[in-house]
Amino acid sequence: MLIDESEARANLLEDALSAEGYEIVARVRAGINLYDEVEAVAPDIVIIDMGSPDRDMLEQMRTLHDAHPRPVVMFANNDDAHMIRDAVRAGVSAYVVDGLSRERVRPILEVAIARFNEFQQLRQELAQTRTTLEERKLIDRAKGILMDRRGLNESEAYDLLRRKAMDSNSKLVDIARTVLAAVDLLG
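Draft legend 1. Focus on the environment of Val73. Locating Val73 in the fold gives a position in strand E4 (residues 72-76). C-alpha separation for the pair Val73 and Leu133, spaced 60 residues apart in sequence, amounts to 34 Å. For Val73, the residues in contact, after removing those within four places along its chain, are Ile45, Val46, Ile47, Ile48, Ala94, Ile108, Leu109 and Ala112.

Shown next, in the form of structure tokens:
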């Protein structure tokens, strides 16, 4: 998807993209509702060419990045460090200042896609790590309850949770949640 506020630059960029084998699935003017357009068209990559991204555009990009992450390349004339940081925080994979030339388009897109994929992998790993940590905390709390209420040591409490999980064909964390819910209910 190509978003541009200048017809001449949009034509140049579209020609460069087409020459490199990219298909433009949508070409829209700046100021549109970016979230709705991307949701409707579902492009593989979003390319924005504008003199200086405004706060509305950055907020739309942030919302888009949270809901439908994808590589975003922004060509801009504004080299303000704060603007660049804001754009990257909003989900821009590549912010290119004064760099709209035909021969640079393909490498810029390839770097943006690679950077986006790497970032997505890191986000998934972080989410998995957080989930694992939260599950361990729940299991530890359930073990503590079993240790207190049944007079078990840590190993025995863990074995009891594990056996119950195996017997009921459940995950260990689900049994821990059940123990915590029962204690919460019974007080």
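Draft legend 2. Fine view of the environment of Ser52. Along the chain, the position of Ser52 falls in the loop between strand E3 (46-50) and helix H3 (55-67). Separated by 28 residues in sequence, Ser52 and Asp80 have C-alpha atoms that sit 9.5 Å apart. Among all residues touching Ser52, those that are not within four sequence positions of it are Glu5, Asn78 and Met83.

Draft legend 3. Representation of the packing of helix H5 (residues 102-150) against helix H6 (residues 154-167). At a closest axis distance of 9 Å, the pairing of H5 and H6 adopts a crossing angle of 115 degrees. Classified by the angle between their axes, H5 and H6 sit roughly perpendicular to one another. Of the two possible hands of crossing, H5 and H6 adopt the one that is right-handed. On H6, the residues touching Ile139, Ala142, Lys143, Leu146, Met147 and Arg150 of H5 are Glu154, Ala157, Tyr158, Leu160 and Leu161. Residues that form the contact of H5 with H6 fall into these classes: eight nonpolar, no polar and three charged.

Draft legend 4. Seen up close, the confidence of the model for the protein chain. Averaged over every residue, the pLDDT of the protein chain is 89; residues scoring 70 or more account for 99%. Of all the helices and strands in the protein chain, helix H1 (residues 7-19) carries the lowest mean pLDDT, 83, while H6 carries the highest, 96.

Draft legend 5. Geometry of H3. Relative to the 18 Å expected for 13 residues at 1.5 Å per residue, H3 spans 18 Å between its end C-alpha atoms, a close match to the ideal helical length. Summarising the contacts, the buried residues of H3 are in contact with strand E1 (2-4), helix H2 (34-41), E3, E4, helix H4 (81-89) and H5.

Draft legend 6. Looking closely at the pairing of E3. For E3, a buried count of five out of five residues is recorded, marking the element as mostly surrounded by other parts of the structure. Burial along E3 is two-sided: Val46, Ile48 and Met50 facing one way and Ile47 and Asp49 facing the other are all buried. Alignment of E1 against E3, held across three bridges, turns out to be parallel. Bridge pairing links Leu2 to Ile47 in E3. Where E3 lies against E4, five bridges are found, and the strand directions are parallel. Among the inter-strand pairings, Ile48 is bridged to a residue of E4, identified as Met74. This β-α-β element, E3 to H3 to E4, shows right-handed connectivity.

Draft legend 7. Spotlight on helix H7 (residues 172-186). For H7, spanning 15 residues, the distance from its first C-alpha to its last is 21 Å, which sits close to the expected 21 Å at 1.5 Å a residue. Among all positions of H7, only Leu172, Val173, Ile175, Ala176, Val179, Leu180 and Val183 are buried. In a view along the axis of H7, the buried residues occupy a sector of 160 degrees, so they form one face of it. The exposed set on the far side of H7, more than 90 degrees from its buried face, consists of Asp184 and Leu185. Looking at the packing, one finds that the buried side of H7 touches H5 and H6. Phi turns positive one or two residues past the end of H7, at Gly187, with a value near 85 degrees.

Draft legend 8. Expanded view of the pattern of salt bridges. Inspection of every chain in the model, using the stated rule, returns 11 salt bridges. We note a salt bridge from Arg106 to Glu110, for which the minimum N-O separation is 3.4 Å. Residue Arg106 and its partner Glu110 are both found in helix H5; the two are separated by four residues, about one turn of the helix. With relative accessibility at 43%, the residue Glu110 sits in the partly exposed group. What you see here is one network of salt bridges that share partners, running through Glu20, Arg106 and Glu110.

Parameters and conventions
Residues numbered from 1 in each chain as written. Predicted model: local features only at pLDDT ≥ 70, side-chain atom pairs only at ≥ 80, totals over all residues. Heavy atoms only, no water. Helix = DSSP H or I, 4+ residues; strand = E, 2+ residues; numbered from the N terminus. Contact = heavy atoms within 4.5 Å. Axes fitted to C-alpha atoms, helices over the stretch in contact; angles between N-to-C directions. Parallel < 35°, antiparallel > 145°, perpendicular 65-115°, else oblique. Left-handed = near helix turned anticlockwise from the far one by under 90°. Nonpolar A, V, L, I, M, F, W, Y, C, P; charged D, E, K, R; others polar. pLDDT = per-residue confidence, 0-100. Expected span 1.5 Å × (residues − 1). Buried < 20%, exposed > 50% of the residue type's maximum accessible area, 1.4 Å probe, protein only. Pairing = 2+ DSSP bridges. Right-handed = clockwise from strand over helix to strand, strands pointing away. Arc of directions from axis to C-beta. Salt bridge = Lys/Arg side-chain N within 4 Å of Asp/Glu carboxyl O.

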